[in-house]
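A closer look at the structure
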Amino acid sequence: MINSTKIKKLPVFSKRRKAGQNICTIDGLEIVREGSGVSPGIVIGRVFVYDTVLKSVPQYKISEEDIPLEQQRFLNAVQETLSQFDTILDKAKNAFEDDPLSSLFDVYRHMLKGSRLIRGVCNRIKNNLINAEAAVQTEIAAIADVFEAMDDVYISGRIEDIRSVGIKILRNLQSEAKEKSIRLPENAVIISNDLSAADTALLNFKKITGFVTTGGSGQSHAALLARSLGMPAIVGIPDLLRIAHTGDIIIIDGTYGKVILCPTQEHVDLYRKYRSDFLRWKRSLKRLRQQESVTSDQVFIRLKGNIDLPHEIDFLLKTGVDGIGLMRSEYMFLNRKDLPQEEEQFEILRNIVSRMDGKPVTFRTIDAGGDKCPDTLHTPKTDNPALGLRGIRLALKNVSVLKTQFKAVLRAKCFGDIRILLPMVTSVDEVIAAKTLLAECVNELREKSIPVPEQLPQLGIMVETPAAVLEIDTLAKNCDFLSIGTNDLIQYTLAVDRTDVSVSSLFNPLHPSILKLLKKTVDGAKNANIPVNLCGDMASNHRYTAILIGLGIRELSMPAINIPMVKEKIRSLNLVQAQNFVNRLLSLSMPSDIIKTFNAFEEGVRFD
Ligand code: PEP
Ligand code: MG
């Protein structure tokens, strides 16, 4: 891997720049920040601020011909806001006899009818050539400045009114923008708080070159997605939304977790060189496509790909994988007002299965919940969604959603090897209930004379809860294969939220309890004589490969970008040495001893 140089701390650009102004140039003042690199590589691009909780809003320049369109977007949002006020007022009138809200809402409504706010925003869009959101923000700030200068308690109280009205307009603008999808500059580096699966699905990946989030962790969806798309990404730079502005030049080094905002020309040149070194190294891994995935003592390890979005298959096919070990289906449900129907899902699956040319595709039924919650499923908002109605629990409560997925898979099975994977299983009852529904689907399709193959798809379960591991013997007897989800298994075992940056150092795949749970799962699969795959993030980190194959796992599934590195590692390993290493790790109970032994193995020490 390339080396990043030490960059001395340069002066921090402390004064907050206003929207649409002072777009940073190469010779401007540079800001350097460090976070956690969660997806390797280097990008020199343009910031696109995408604040998902409305602390700030997307700000970008527009062209002259877009002025009327942008002004109309703003006026539509104003209309929408007015009608929301009317609805609230109607409700208040029904609830209260003497209508306490009407005078407040009169003030709000007045602000939205031909006031300075409306004229000011329209003028700013036109004169400064900025998008409606940026214009609303700057106009509100300007009005607040004027009010603040007045020494009058009544008037200063109105500042908050103006801000609330502004926020309501921004929300309406943003929900409209969300429905449409987001306009990005070329080479966009997305700067965000933490991108949920729903947020990422709105982005046009052709224009994105990297991600940086203020929160999140190596397990959050932005990180998983960046890795699966092979884009550099960094998490955990808390003040970045405050200091970065859409249009700024930015360098991100995802290998070392470094962000340089408004870099000097010297750093741009340096990082261009690092980038070409990195790309040369990545290209050199391509030769591995033709090489077999075998250890030095000729043990074959099957490598499969993970995909979230159907178009990722293009990238995956270039790596020469043995199949798709995990196709997450949540993304088919996000950012839409209706549910994906059987025909639509069938077409997607038929296409993927056909393109895999006989290689297996493991389709995971919807694992909604946590940060990937489609509106259409109407899941209740709870304080602890990771422990809520998610995964197979949710699917069994929305039987028609699950049956639609099963039917699409059953039909796609006529075109290749597609398998079903159930997420978040905690008990065998769930597996049996799902199998009953699958049998119903077979009958219903056959009744309609829709072709269903004689040989039904294999059905497996995700092993990603401690309960599943403890019940592994019973579960393994009731399914055709197991797939270990270490992202959730670690989260639930160690009680560490996988998306919470403040506990990310506790997210420890080498914790003795995790090693024991992996061993128990592999033994359970062996006893039941069924295959076990590992599709969590541990599979994609080549530093863990020796442990996984030493434990007896012979199938790993990961984002395409990681396949060459893991294959290279497999080819350097000897199975007997890996088994001895794992036996040593399993004999240790102190996490610190495990880390020492792990590091020693990485440095070439071998154990008998
Ligand atoms: C896992 O939990 O390891 C897994 C692969 O599933 P997801 O990341 O989608 O929860
Ligand atoms: Mg999971």
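For the structure given in this document, a descriptive report is provided here. If you're wondering where the values come from, they're calculated on a predicted model, not measured in any experiment. Chains are numbered independently. Their residues run from 1 in the order of the written sequence. Here the convention is simple: chains get letters from A, ligands get numbers from 1, in the order in which they are written. Totals for whole chains, interfaces and linings use every residue, but because this is a predicted model, local features are given only for residues with pLDDT of at least 70 and side-chain atom pairs only at 80 or more, for both listing and counting. To get the side-chain values, take all heavy atoms of the structure and skip hydrogens and water.

1. Quick notes on the pattern of salt bridges
For clarity, the cut-off: We define a salt bridge as a contact between a side-chain nitrogen of Lys or Arg and a carboxyl oxygen of Asp or Glu at a distance within 4 Å.
Within the structure shown, the criterion is met by 29 salt bridges. A single salt-bridge network, built from bridges that share partners, covers Glu330, Arg364, Asp367, Arg390, Asp488 and Arg498.

2. What to know about the coordination of the magnesium ion (ligand 2)
Selection criterion: Metal donors: N, O and S atoms at distances within 2.8 Å, or within 3.2 Å for Na, K and Ca, with water omitted from the atom set so that some sites may seem incomplete. The numbering of helices and of strands both runs from the N terminus, where a helix is a DSSP run of H or I of at least 4 residues and a strand a run of E of at least 2. Accessibility here uses a 1.4 Å probe with only protein chains present; expressed as a share of the type maximum, an area under 20% marks a residue as buried, one over 50% as exposed, and anything in between as partly exposed.
Here the magnesium ion (ligand 2) is held by the protein donor atoms Glu464 (OE) and Asp488 (OD), which lie 2.0 to 2.1 Å from it. Here Glu464, found in the loop between strand E13 (459–463) and helix H15 (466–470), pairs with Asp488, found in helix H17 (residues 486–494); they are 24 residues apart in sequence, far enough to count as distant. Residue classification places Glu464 among the buried positions, given a relative accessible area of 2%.

3. With respect to the pairing of strand E7 (residues 249–253)
What counts here: In short, DSSP must find at least two bridges between two strands for them to pair.
Along E7, five of the five residues are buried, which leaves the element largely enclosed by surrounding structure. Of the two faces of E7, the one carrying Ile249, Ile251 and Asp253 and the one carrying Ile250 and Ile252 are both buried. Sheet topology note: the strand E3 (residues 42–49)/E7 ladder contains five bridges and is antiparallel. Bridged to Gly45 within E7 is Ile250. Across four bridges, the pairing between E7 and strand E8 (residues 258–261) is antiparallel. The partner of Ile250 across the bridge, within E8, is Leu261. The antiparallel hairpin formed by E7 and E8 contains four residues in its connecting segment, where Gly257 sits at a positive phi of about 70°.

4. Comments concerning the side chain of Lys569
Test applied: Each polar contact in these results corresponds to two N or O atoms within 3.5 Å; when the atoms are within protein, one needs to be able to donate a hydrogen and the other to accept it, and residues that are neighboring in sequence are counted only if both atoms are side-chain atoms. Two residues qualify as a contact provided that any one of their heavy atoms is within 4.5 Å of a heavy atom in the partner residue.
Tracing the chain through its elements places Lys569 in helix H20 (residues 563–572). Looking at Lys569, its side chain comes within polar contact range of the side chain of Glu602, at 3.1 Å. Setting aside its immediate chain neighbours within four residues, Lys569 contacts His542, Arg543, Thr545 and Glu602.

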